[in-house]
Amino acid sequence: GFRQGIARFGIERLAAQLGARRGRVGEAVLRCPDLGRDREEALRRQFTAVEKLLHDERTAHADALRSLQRRVEQAEKELRQSEFKFIDAAEAERALRDKLEPEITRLSCKVSQLNGAREAAAASAKEADERSREVAYLKRLGEESARRLREVEDAADRRINAMEKSTAGLRRALAERRRLLCS
């Protein structure tokens, strides 16, 4: 494709150069009028195609430019409308802030009071927790002491019973000896 076009073009150029030369007297010069005309027509077709492409490009560019200009105009219009909305919103916010400023101040004081009360409640809860642990410890200590006291009392009761039995046995033995001695 491409090489054949170059080869053909080379041949056409060679033929054109031969036709343009002036030969010596009596020498035959090869002329090719059809080649010049064909070449001119090809160039005109190319020129027409380039002009059409340029026209299409200009048309597309003009259309794109008009579209962009419309979009810019719409954006500017929206911006102007938005500016008024922002100004209105800022004024409404300022009015609302002025109206609610005393309430906000009162509520912030209330919050600080509640935070103080919360801290006091947390301290009280911590102290109550410590007291409940102390009470639980003292309760366990009391139960342990009561258990030990019962164990000591039970041991004392067992010793007393054993001594009473021993005393009763000794009294019987003593009474038996007295009786034997008195007899």
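Residues numbered from 1 in each chain as written. Predicted model: local features only at pLDDT ≥ 70, side-chain atom pairs only at ≥ 80, totals over all residues. Heavy atoms only, no water.

Caption draft 1: Fine view of the overall build of the protein chain. Looking only at helices and strands, one finds 2 helices and 0 strands in the protein chain. Looking at the protein chain residue by residue over its 183 residues, the buried ones come to 3%. With the model as given, the accessible surface of the protein chain reaches about 17,200 Å², and the carbon-plus-sulfur share is 58%. (Helix = DSSP H or I, 4+ residues; strand = E, 2+ residues; numbered from the N terminus. Buried < 20%, exposed > 50% of the residue type's maximum accessible area, 1.4 Å probe, protein only. Areas by Shrake-Rupley, 256 points an atom, 1.4 Å probe, with all protein chains shown as cover.)

Caption draft 2: Examining the pattern of salt bridges more closely. Enumeration according to the criterion identifies 12 salt bridges in this entry. In this structure, Glu40 engages Arg44 in a salt bridge whose closest nitrogen and oxygen atoms are separated by 2.9 Å. One end of the pair, Glu40, and the other, Arg44, are both in helix H2 (residues 33–182), 4 residues apart, so they sit about a helical turn from each other. Taking the relative accessible area as the measure of exposure, Glu40 reaches 41% and is therefore partly exposed. Overall, Arg44 belongs to the exposed group, its relative accessible area being 53%. (Salt bridge = Lys/Arg side-chain N within 4 Å of Asp/Glu carboxyl O.)

Caption draft 3: Looking closely at a nonpolar patch on the surface. A contiguous nonpolar surface patch, about 260 Å² in accessible area, is contributed by Leu96, Leu100 and Ile104. Take Ile104: it is sitting in helix H2. Accessibility expressed as a relative area gives 48% for Ile104, which makes it partly exposed. (Patch = residues over 30% accessible without salt bridge, like charges linked within 9 Å, V, L, I, M, F, W, Y side chains within 5 Å.)

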